[in-house]
Number of protein chains: 2
Amino acid sequence: MPLSEFSLIHRYFSSLGRGPGVALSVGDDCALLEPPAGQQLVVSVDTVVAGVHFFEDDFPEDVGYRAVAAAASDLAAMGAEPLGMTLALTLPDADELWLHAFSEGVAQAVAAFRLPLVGGDTTRGPLTISVQVLGCVPPGDALLRSGAQPGDAVYVSGTLGDAAAALALLNGDWQAPAEDAQYLTARLHRPPSRLSLGQQLRGRASAAIDISDGLVADAGHIAAASGVGIVIDTDALPLSSALQNHPSREQALRWALTGGDDYELCYCLPQGITSPGGVCIGQVVSGERVDCGMPLPGAAGYHHFEQDAE
Amino acid sequence: MPLSEFSLIHRYFSSLGRGPGVALSVGDDCALLEPPAGQQLVVSVDTVVAGVHFFEDDFPEDVGYRAVAAAASDLAAMGAEPLGMTLALTLPDADELWLHAFSEGVAQAVAAFRLPLVGGDTTRGPLTISVQVLGCVPPGDALLRSGAQPGDAVYVSGTLGDAAAALALLNGDWQAPAEDAQYLTARLHRPPSRLSLGQQLRGRASAAIDISDGLVADAGHIAAASGVGIVIDTDALPLSSALQNHPSREQALRWALTGGDDYELCYCLPQGITSPGGVCIGQVVSGERVDCGMPLPGAAGYHHFEQDAE
């Protein structure tokens, strides 16, 4: 890769490393962070690959933003305060325009998720973006997947299925009015920050996860980790007006149940605990299965259901 | 990717996550770590790509070991205690044999570098391995690139050029006696741990870096960050007996000066400070250049010399 590209990347990214817990940012062998005293460190990594997790011709600004948002979503699901992140960027000979726009998307996400970019590695190869996020949480306060109890209510933090509907739109599988199409693609490309909600759920939620594989799959991870069953009331699923406008309600529900990439939170609240937001969509029961009352043959997130949690 | 592969990876890797600072390992949205109270957190990420950083047909055990060793080397260069790591693995349809051997190499490195594997992400795509390492260091004790002063002595922690000579061997550019060839390829595939040395250099070294791009390039990073010059005495460069056996001393020196991937440390010690190991190979002077007394046209690490530090 020509030097100019490395210099360019360094110039773009080195300004994004300032934050309250950052003692030393990009430019040495490692970064130095100072988590608040006595807190636990929260760590996760998320990779996206061109042609697998995003289209090669997606706007690079969106690619950058979404890569960070997807990783930050795991911090939200733990109830963590964001501390910082590193970015491992593998890219082929890329043009400056692409890099400029990609960096702009990363910068927007750095601001939106309060995740200073403290380190990185840039290598040449097929376009792959790996984001490692670091956060902190008071000891014992992290939201795990494993605490759900029968009788708990199950909530989601926002409308579901939007990202899957957007993907179907982009694939030409259906058409939507311009306003709905714009809304849905924004939901796909600019996942929300649920960091604040996650922090409010500390001491309240018995279990939490972010919805990246689809509601049924991710609720399944809670069910498996907690040793419980979950019953989803499909009539209660929050659908955006764009999805409500879809001619087939069954298709809309299918996206809401199995579509990934919405990056909303799914969480469980014991009886008597008020939710700081979100919509109640079901109940924790004894058992070990997720029951949504409708068959989901060949659904995208469905196979993940049996997968080991990661 | 078939479920069986994910399950396999999970089975291999989930046993590698135990360590003194690990409160929660692989299996939830994030891992939870507990760094020693009052310490700074040390963070770095390192990516290797098939066909760029290693040969497609390298033994997968070596690929796994080396990916971890390369990332751990940055912790050593900061004088950090290892705390844990995450592994982002992007791989095409891989056979079980490959995965088994790769995991075995990672497991060996987890033990050798005391870096429990606390999280990861497995995606499908071109073979790319990104390792994020976490360590800790008492505040103010981290070894930076920026503290070298004229008059300091410059040390390296071990023989140089071995990995470059091994690469040349594997490329068929020269032949070595079997014993030398075996030694050199082991140096390439199994980089050393300098974590202990790095920790001993705290409070002693004025600057340090690990040699991943080549001595001249990496000494250049110290020179640039410290605002000094560095004079290398090529007669003092430690060469393995395998390199001393090479018919061309000039070629051997060229590898030692510009060959990357040795993952030894280069560090500076003020006058009167004894080195806990290593070999003195030069002096810090006023100026801003690295001078090794011989021309290095088109050398591998040379272009990096002008690159911005990362």
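Definitions and limits used
Residues numbered from 1 in each chain as written. Chains lettered and ligands numbered in written order. Predicted model: local features only at pLDDT ≥ 70, side-chain atom pairs only at ≥ 80, totals over all residues. Heavy atoms only, no water. Helix = DSSP H or I, 4+ residues; strand = E, 2+ residues; numbered from the N terminus. Rg over C-alpha atoms; globule rule 2.2 N^0.38 Å. Buried < 20%, exposed > 50% of the residue type's maximum accessible area, 1.4 Å probe, protein only. Contact = heavy atoms within 4.5 Å. Areas by Shrake-Rupley, 256 points an atom, 1.4 Å probe, with all protein chains shown as cover. Lys, Arg positive; Asp, Glu negative; His and termini not counted. Charge placed at Lys NZ, Arg CZ, Asp CG, Glu CD. Least-squares fit on C-alpha atoms with pLDDT ≥ 70 in both. Pairing = 2+ DSSP bridges. Axes fitted to C-alpha atoms, helices over the stretch in contact; angles between N-to-C directions. Domains from an automatic or database assignment. Buried area = accessible area lost by both parts, 1.4 Å probe. Phe/Tyr/Trp six-rings, centres within 6.5 Å; stacked < 30°, edge-to-face > 60°. Disulfide = S-S within 2.5 Å. Salt bridge = Lys/Arg side-chain N within 4 Å of Asp/Glu carboxyl O. Expected span 1.5 Å × (residues − 1). Polar contact = N/O pair within 3.5 Å; in protein donor to acceptor, adjacent residues only side chain to side chain.

Counting its regular elements, chain A contains 9 helices and 12 strands. A compact globule built from 310 residues would reach a C-alpha radius of gyration of about 19 Å, and chain A, at 20 Å, matches this within 12%. Along the first, second and third principal axes, the C-alpha set of chain A runs to 55 × 50 × 30 Å. A burial count over chain A gives 61% of its 310 residues as buried. Partitioning the contacts of chain A with sequence separation of at least 6, the portion at a separation of at least 24 is 85%. Accessible surface, chain A: about 11,500 Å² in total, of which carbon and sulfur atoms supply 50%. Charge centroids of chain A, computed over 14 positive and 37 negative side chains, lie 5 Å from each other.

The transformation that overlays chain B on chain A combines an axial shift of 0.0 Å with a rotation of 180°, and the residual RMSD is 0.0 Å. The operation mapping one copy onto its partner corresponds to a two-fold rotation axis. By residue overlap, the copies meet face to face through one surface: 100% of the interface positions of chain B are interface positions in chain A.

This paragraph deals with the sheet that holds strand β7 (residues 153-156) of chain A. Residues and elements named next belong to chain A. If you walk across this open sheet you meet the 6 strands as β8-β10-β7-β11-β9-β12, and the pairing is mixed. Bordering the open sheet on either side are β8 (207-210) and β12 (290-291), each of which pairs with just one other strand. Here β8 runs beside strand β10 (residues 265-269); their pairing, made up of 4 bridges, is antiparallel. Within β10, the residue paired with Ala 208 across the bridge is Tyr 267. Across the sheet, helix α2 (residues 60-78) is in contact with β8 and β10; its angle to β8 comes to roughly 175°. Strands β7, β8, β9 (229-232), β10, β11 (279-285) and β12 of the sheet are contacted by helix α7 (residues 215-226), whose axis makes an angle of about 145° with β8.

It is worth spelling out the domain arrangement of chain A at this point. All names here are of chain A. Along its sequence, chain A is organised into domain 1 (3-137) and domain 2 (153-306). A separation of 26 Å is found between the C-alpha centroids of domain 1 and domain 2. Of the residues lining the interface, 24 residues belong to domain 1; the matching set on domain 2 comes to 20 residues. Together, the buried faces of domain 1 and domain 2 total about 1,800 Å²; carbon and sulfur atoms form 54% of this surface. Taken as a group, Phe 55, Arg 66 and Ala 76 account for 29% of the area that domain 1 buries against domain 2, more than any other trio of residues on that side.

Turning next to the packing of aromatic side chains. Going through the model one piece at a time under the given rule, you end up with 10 aromatic pairs over all chains. Judged by centre distance (5.6 Å) and plane angle (10°), the ring pair of Tyr 155 of chain A and Tyr 267 of chain A falls under stacked. One end of the pair, Tyr 155 of chain A, is in strand β7; the other, Tyr 267 of chain A, is in strand β10, with 112 residues separating them in the sequence. The same class applies to Tyr 155 of chain A and to Tyr 267 of chain A, which are both buried. Relative to Phe 102 of chain B, the ring of Trp 98 of chain B has its centre 5.0 Å away and its plane inclined at 10°; by these criteria the two rings are stacked.

For the coordinates displayed, the defined rule picks out 0 disulfides over all chains. Considering cysteine sulfurs only, Cys 136 of chain A is the nearest to Cys 30 of chain B, which forms no disulfide, with 12 Å between them. Overall, the relative accessible area of 4% leaves Cys 30 of chain B in the buried class.

So, on to the pattern of salt bridges. Residues and elements named next belong to chain B. One pass over the structure, following the stated rule, counts 20 salt bridges over all chains. Where Arg 66 meets Asp 261, a salt bridge forms, and the shortest distance between an N and an O atom there is 3.1 Å. Here the residue Arg 66 occupies a position in helix α2 (residues 60-78), and Asp 261 occupies one in the loop between α9 (249-258) and β10 (265-269), the gap between them amounting to 195 residues. In this structure Asp 261 comes out as buried when scored by relative accessible area, which is 19%. For Asp 162, the salt bridge identified is with Arg 187, shortest N-O distance 2.9 Å. Of the two residues, Asp 162 sits in helix α4 (residues 162-170) while Arg 187 sits in helix α5 (residues 178-189), which places them 25 residues apart along the sequence. You can call Asp 162 buried: its relative accessible area is 0%.

Let us now look at the pairing of β10 of chain B. Each regular strand shows side chains that alternate between the opposite faces of the sheet. Residue and element names in this part refer to chain B. Burial analysis of β10 places 5 of its 5 residues in the buried class, which makes it a mostly covered element. Strand direction decides the pairing type here: strand β7 (residues 153-156) and β10, joined by 4 bridges, are antiparallel. Bridged to Ala 153 within β10 is Leu 269.

We now examine the sheet that holds strand β6 (residues 128-137) of chain A. Pairing between the strands of a sheet is mediated by backbone hydrogen bonds and can be parallel or antiparallel. Ordered in space as β5(A)-β4(A)-β6(A)-β3(A)-β2(B)-β1(B), the 6 strands form an open sheet in which the pairing is mixed. Since the sheet does not close on itself, it has two edges, and those belong to β5 (117-124) of chain A together with β1 (22-24) of chain B, each with one partner. Pairwise comparison of adjacent strand axes, ignoring direction, gives a mean angle of 25° for this sheet. In terms of strand pairing, strand β4 (residues 81-91) of chain A meets β5 of chain A through 7 bridges, oriented parallel. Bridging from a neighbouring strand, Met 85 of chain A pairs with Leu 117 of chain A of β5 of chain A. Contacting β3 (40-49), β4 and β6 of chain A together with β1 and β2 (31-33) of chain B, α2 of chain A runs over the sheet at an angle of about 30° to β6 of chain A. Contacts from helix α3 (residues 96-113) of chain A reach β4, β5 and β6 of chain A within the one sheet, and its direction differs from that of β4 of chain A by about 165°.

This part covers helix α3 (residues 96-112) of chain B. End to end, α3 of chain B covers 24 Å across 17 residues, agreeing with the expected 24 Å (1.5 Å per residue, within 8%). The complete set of buried residues in α3 of chain B reads Trp 98, Leu 99, Ala 101, Phe 102, Ser 103, Gly 105, Val 106, Ala 109 and Val 110 of chain B.

Here Ser 130 of chain A lies in strand β6. Considered as a pair, Ser 130 of chain A and Asp 28 of chain A are 102 residues apart in the sequence and their alpha carbons are 20 Å apart. Residues contacting Ser 130 of chain A, with those up to four places away along its chain left out, are Val 45, Asp 46, Thr 47, Thr 86, Leu 87 and Ala 88 of chain A together with Ala 88 and Ser 130 of chain B.

Another point: the side chain of Thr 159 of chain A. Residue and element names in this part refer to chain A. Following the sequence through the fold, Thr 159 ends up in the loop between β7 and α4 (162-170). A distance of 2.6 Å separates the side chain of Thr 159 from the side chain of Asp 162, its partner in a polar contact. With near-sequence residues (within four places) excluded, Thr 159 lies in contact with Tyr 183, Arg 187, Pro 238, Leu 239, Ser 240, Asp 262 and Glu 264.

Residue and element names in this part refer to chain B. Where strand β9 (residues 229-232) and strand β11 (residues 279-285) come together, 4 bridges link them in antiparallel fashion. Across the sheet, Val 231 pairs through a bridge with Gln 283, a residue of β11. Sheet topology places β9 next to strand β12 (residues 290-291); 2 bridges connect them, and they run parallel. Bridged to Ile 230 within β12 is Val 290.

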